[in-house]
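One letter stands for each residue in the lines below.
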Amino acid sequence: MNLQGILAIYRYEMARTKRTVLQSVVSPVVSTSLYFVVFGSAIGSRIQEIDGVPYGAFIVPGLLMLTLMMQSLSNASFAIYFPKFIGTIFEMLSAPVSFYEIVIGYVGAAATKSLILGAIILLTAWCFVPLRIEYPVVMLLFLVLTAVTFSLFGFLIGIWADNFEKLQVIPLLVVTPMVFLGGSFYSIDMLPEFWQTVSLFNPVLYLISGFRWSFYGIADVNVWISLGAIALFLGLCLLATWWIFKTGYRIKK
Amino acid sequence: MFAPPQPHAKAAAALGLIARCKPPMCSVLTARRLQRPFVTDPIISIQGLTKTYASGFQALKGIDLDIREGEIFALLGPNGAGKTTLISIICGIVTASAGRVLVGGYDIVRDYRKTRAMIGLVPQELATDSFETPLATCRYSRGLFGRKPNPAHIEKTLKQLSLWDKRNGMIMALSGGMKRRLMIAKALSHEPRVLFLDEPTAGVDVELRKDMWALVEELRRDGVTIILTTHYIEEAEAMADRVGVINHGDLILVEEKAALMQKMGQKRMVLDLTEPLAAIPNRFTALGLELANEGRQLVYTYDTQAERTGITSLLSDLRDEGIRFRDLTTKQSSLEEIFVSLVHAGDVS
């Protein structure tokens, strides 16, 4: 295994985050904090509690998931798309690194960034709302699994995209609506029965539900189903990665 | 075909290298080369290589070529001839449709880690991350190729390419020539045995081009095998040991540069006449003489490889005809003229 190669990619990507700290770290933290203020304090004061949890605290897991997913997607997709766009991908293709090592480097860096961001947002949330974490190990498991899976998904989007519009279309037009409709701001019990059934077809619901369970012990669906859903999505992403690297899709001529 | 390792052959080559090496260029690279397992030439062996793109365009049509270790090989060809495709396949960027390539005796597909670690590539395009620094990007390149950090080597390479002073500035602030040199620095960061230079001096000024030639010569002294593609024939003429001409995906010719120029070159003899001539006398028509410079020069083109060049009889006949001259010069055909005639002949056939 080319450990030096993996480390080179990882460090290069982490250095990029350092260079763009305002955009990569400060901006998502500020925008998520705004959610805490607006939804937690302003609207939360009228909604009171959901399943015994103050509304401000109830939305924290959903908002954390929202940031984690979006940042993982954008970090990883941009990381692999940019070398394709400016032409520096030639160096990676001509280097003695396997495709799996490339994935480990890029996805590892993107997931690390998202986890750092998640930790900062969690600490920030503590400043605004009363938080408790009942199952910290499960919470960490969800955080890591989600960061890795969505970074891998982002990597695939970056490989697939051949222009900047395509790079944005899935995160903005598919993932964002799924996160907002996946119970980030509400429990699906609050929806009419028909929409409850529709919500069950949204895979993001399972992630948010499981993640929220690790905080407060309340969930829309069983936590094992949530873990199974994220594991299934991870498996699908790995399968797609394997296929892309086997065929050289959009990488090699 | 690649032969199994023969220590004595490489040892002799290595001794030759030491003898030719001059300080300070008698460097880490040479020392490192002496520690490697001995391998006989060629360093690159290409057998029946073909490439057909998805569009159906056949870029390479069964290329067979051996590159010797330590040589400078110039690959000439017009645009779209297949030069970049050939290089891209050897480096792992493009997948071959058929055929086999060995680098240092290892297959580029099966043993890609070993072969790619031996190769450095300087592509045609100036593809760099504008927001990075030269130092960081060279460190990155070295790591990517599996080498442990070696600040001394990176420093030496950046100094060699006159980029050390710019090491901490953003790449976007570098001039085009500096970016070109940075691409070479990146390719040399992992101390490759083989360096591919794909149009290295395209778009750079004359002074920088000369610097680049000097650098290539230094690298050769270090024992690096260099494969060069270029549009500037004078570049190949100035640097290459051997020349290959590729056109429409076929390797038309591979030849020692000097032998090629001697074998295929024609020579022109120019006589500066004392009195201008209005027309060439009839008796000289068969010789294909030409008048130039408003009749003040008489030009005779002859084949250097012919049994008789016809010079003696021509000079004798001119004296008989009363045509006097005050000076005589001869000029060998340039590689460019040879290249153009080869490519043209290929196009016609």
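Residues numbered from 1 in each chain as written. Chains lettered and ligands numbered in written order. Predicted model: local features only at pLDDT ≥ 70, side-chain atom pairs only at ≥ 80, totals over all residues. Heavy atoms only, no water.

Peer 1: Sorry, what's going on with the overall build of chain A here?
Peer 2: In terms of helices and strands, chain A carries ten helices and two strands. Ordering the α and β elements of chain A from the N terminus gives α-α-β-β-α-α-α-α-α-α-α-α. On C-alpha atoms alone, chain A measures out to a radius of gyration of 19 Å, which is about the 18 Å that the 2.2 N^0.38 rule sets for 253 residues. Along the three orthogonal principal directions, the C-alpha set of chain A runs to about 60 × 35 × 35 Å. Evaluated residue by residue, chain A yields a buried proportion of 53% over its 253 residues. Within chain A, residue pairs in contact and separated by at least 24 positions form 79% of the contacts whose partners lie at least 6 positions apart. (Helix = DSSP H or I, 4+ residues; strand = E, 2+ residues; numbered from the N terminus. Rg over C-alpha atoms; globule rule 2.2 N^0.38 Å. Buried < 20%, exposed > 50% of the residue type's maximum accessible area, 1.4 Å probe, protein only. Contact = heavy atoms within 4.5 Å.)

Peer 1: Just to check I follow, could you spell out the domain arrangement of chain B for this structure?
Peer 2: Frequently, the measure chosen for interface size is the accessible area removed from exposure when the parts meet. Looking at chain B, the domain boundaries give domain 1 (44-261) and domain 2 (266-332). Relative to domain 2 of chain B, the C-alpha centre of domain 1 of chain B lies at a distance of 45 Å. (Domains from an automatic or database assignment.)

Peer 1: Any chance you could explain the interface of chain B and chain A here in plain terms?
Peer 2: Residue-level contacts link 29 residues of chain B with 25 residues of chain A. Of the roughly 2,500 Å² buried between chain B and chain A on both sides combined, carbon and sulfur atoms contribute 59%. The three residues of chain B that bury the most area against chain A are R113, Y140 and L144 of chain B, which together make up 27% of that side's buried surface. Viewed at the interface, chain A and chain B are joined by three salt bridges. Across the pair E91 of chain A and K186 of chain B runs a salt bridge whose closest N-O atoms are separated by 3.0 Å. At the surface where chain B touches chain A, the tally comes to ten residue pairs in polar contact (both at pLDDT 80 or more). Contributions of two or more residues to the side of chain B that touches chain A are made by helix 4 (112-118), helix 5 (134-144) and helix 7 (176-188) of chain B. Per-class residue counts for the side of chain B that touches chain A are 15 nonpolar, six polar and eight charged. (Buried area = accessible area lost by both parts, 1.4 Å probe. Salt bridge = Lys/Arg side-chain N within 4 Å of Asp/Glu carboxyl O. Polar contact = N/O pair within 3.5 Å; in protein donor to acceptor, adjacent residues only side chain to side chain. Nonpolar A, V, L, I, M, F, W, Y, C, P; charged D, E, K, R; others polar.)

Peer 1: It is not clear to me how the packing of helix 9 (residues 203-216) of chain A against helix 10 (residues 223-247) of chain A should be interpreted in this structure. Could you clarify?
Peer 2: For any two helices packed against each other, the geometry comes down to the angle between their axes and how far apart the axes lie. Residue and element names in this part refer to chain A. Contact geometry for helix 9 and helix 10: axes closest at 8 Å, N-to-C directions at 130°. With respect to helix 10, the element helix 9 is oriented oblique. The handedness of the crossing between helix 9 and helix 10 comes out as left-handed. Within the contact between the two elements, helix 9 uses Y206, L207, S209, G210 and W213 and helix 10 uses V223, I225, S226, A229 and I230. Split into classes, the residues belonging to the contact of helix 9 with helix 10 amount to seven nonpolar, three polar and no charged. (Axes fitted to C-alpha atoms, helices over the stretch in contact; angles between N-to-C directions. Parallel < 35°, antiparallel > 145°, perpendicular 65-115°, else oblique. Left-handed = near helix turned anticlockwise from the far one by under 90°.)

Peer 1: Got a minute to help me understand the packing of aromatic side chains in this structure?
Peer 2: Two descriptors summarise a pair of aromatic rings, namely the distance from one centre to the other and the angle between the planes of the rings. Residue and element names in this part refer to chain A. Under the criterion given, the structure shown has 19 aromatic pairs over all chains. Relative to F245, the ring of F155 lies with its centre 6.1 Å away and its plane at 75°, an arrangement referred to as edge-to-face. Taken together, the positions of F155 in helix 6 (residues 136-160) and F245 in helix 10 put the pair 90 residues apart, joining distant regions of the chain. A residue is classified by how much of its surface remains accessible, and F155, at 0% relative accessible area, is buried. One aromatic cluster is present, formed by F99, Y100, Y106, F155 and F245 through successive ring pairs. (Phe/Tyr/Trp six-rings, centres within 6.5 Å; stacked < 30°, edge-to-face > 60°.)

Peer 1: Help me understand the side chain of T229 of chain B, please; the structure alone is not making it clear to me.
Peer 2: Residue and element names in this part refer to chain B. Topologically, T229 is positioned in strand 8 (residues 225-230). Its relative accessible area of 0% is what places T229 among the buried residues. Every residue in contact with T229, bar those within four places of it in the chain, is listed here: L75, K83, I87, L197, D198, E199 and P200.

Peer 1: How do you make sense of a nonpolar patch on the surface when you look at a structure like this?
Peer 2: A cluster of nonpolar side chains, contributed by V21, L22, V26, V30 and L34 of chain A, occupies part of the molecular surface with about 440 Å² of accessible area. With respect to the secondary-structure elements, L34 of chain A resides in helix 2 (residues 21-47). (Patch = residues over 30% accessible without salt bridge, like charges linked within 9 Å, V, L, I, M, F, W, Y side chains within 5 Å. Areas by Shrake-Rupley, 256 points an atom, 1.4 Å probe, with all protein chains shown as cover.)

Peer 1: What exactly am I supposed to notice about the sheet that holds strand 4 (residues 98-103) of chain B here?
Peer 2: Strands pair in a sheet through their backbones, by hydrogen bonds, and they do so in one of two ways: parallel or antiparallel. Residue and element names in this part refer to chain B. Spatially, 2-1-4-5 is the arrangement adopted by the four strands of the open sheet, whose pairing is antiparallel. Each end of this open sheet is capped by a strand with a single partner; those strands are strand 2 (58-67) and strand 5 (106-107). In the packing of helix 3 (residues 83-91) onto the sheet, the strands contacted are strand 1 (44-52), strand 2 and strand 4, and the crossing angle to strand 1 comes to about 115°. (Pairing = 2+ DSSP bridges.)

Peer 1: I keep staring at the packing of helix 5 (residues 99-128) of chain A against helix 6 of chain A and nothing clicks. Help me out?
Peer 2: Residues and elements named next belong to chain A. In the contact formed by helix 5 and helix 6, the axes pass within 8 Å of each other and the chain directions differ by 135°. Accordingly, the angle class assigned to the pair helix 5 and helix 6 is oblique. The crossing of helix 5 and helix 6 is right-handed. Across from I102, V103, Y106, V107, A110, A111, S114, L115 and L122 in helix 5, the residues of helix 6 making contact are M139, L143, V144, A147, V148, S151, L152 and F155. Looking at side-chain class alone, the contact of helix 5 with helix 6 contains 15 nonpolar, two polar and no charged residues.

Peer 1: What exactly am I supposed to notice about the sheet that holds strand 7 (residues 194-198) of chain B here?
Peer 2: Residue and element names in this part refer to chain B. Taken together, the six strands give an open sheet; going across it, the order is 6-7-8-3-9-10, and neighbouring strands pair in mixed fashion. Of all the strands in the sheet, just strand 6 (119-122) and strand 10 (250-256) have a single pairing partner and so form its edges. Neighbouring strand axes in the sheet, compared pairwise and without regard to direction, differ in orientation by 15° on average. Here six bridges tie strand 9 (residues 242-247) to strand 10, and the two strands are oriented antiparallel to one another. When the sheet's bridge partners are listed, N247 is paired in strand 10 with D250. Most of the contacts of helix 3 go to strand 7, to which it runs at about 150°, and overall it touches strand 3 (72-76), strand 6, strand 7, strand 8 and strand 9.

Peer 1: Got a minute to help me understand helix 10 of chain A in this structure?
Peer 2: The periodicity of an α-helix, 3.6 residues per turn, causes residues three or four positions apart to be oriented the same way. Residues and elements named next belong to chain A. Spanning 25 residues, helix 10 covers 36 Å between terminal C-alpha atoms, matching the ideal 36 Å at 1.5 Å per step. Where helix 10 is concerned, the buried positions are V223, S226, L227, I230, L234, C237, T241, I244 and F245. Tucked into the core, helix 10 has its buried residues touching helix 5, helix 6 and helix 9. Looking at where helix 10 begins, the residue whose side-chain oxygen comes 2.7 Å from the main-chain nitrogen of W224 is N222. Just downstream of helix 10 lies G248, where phi reads positive at about 75°. (Expected span 1.5 Å × (residues − 1).)

Peer 1: Which parts of the structure should I look at to understand the pairing of strand 4 of chain B?
Peer 2: All names here are of chain B. As paired strands, strand 1 and strand 4 are joined by five bridges and run antiparallel to one another. Within the sheet, the bridge partner assigned to T50 lies in strand 4 and is A98. Inspection of the sheet shows strand 4 paired to strand 5 by two bridges, in the antiparallel sense. In the strand pairing of strand 5, V103 is matched with Y106. In textbook terms, the turn of a hairpin is the stretch between consecutive antiparallel strands, and for strand 4 and strand 5 this stretch comprises two residues, one of which, G104, has a positive phi near 60°.

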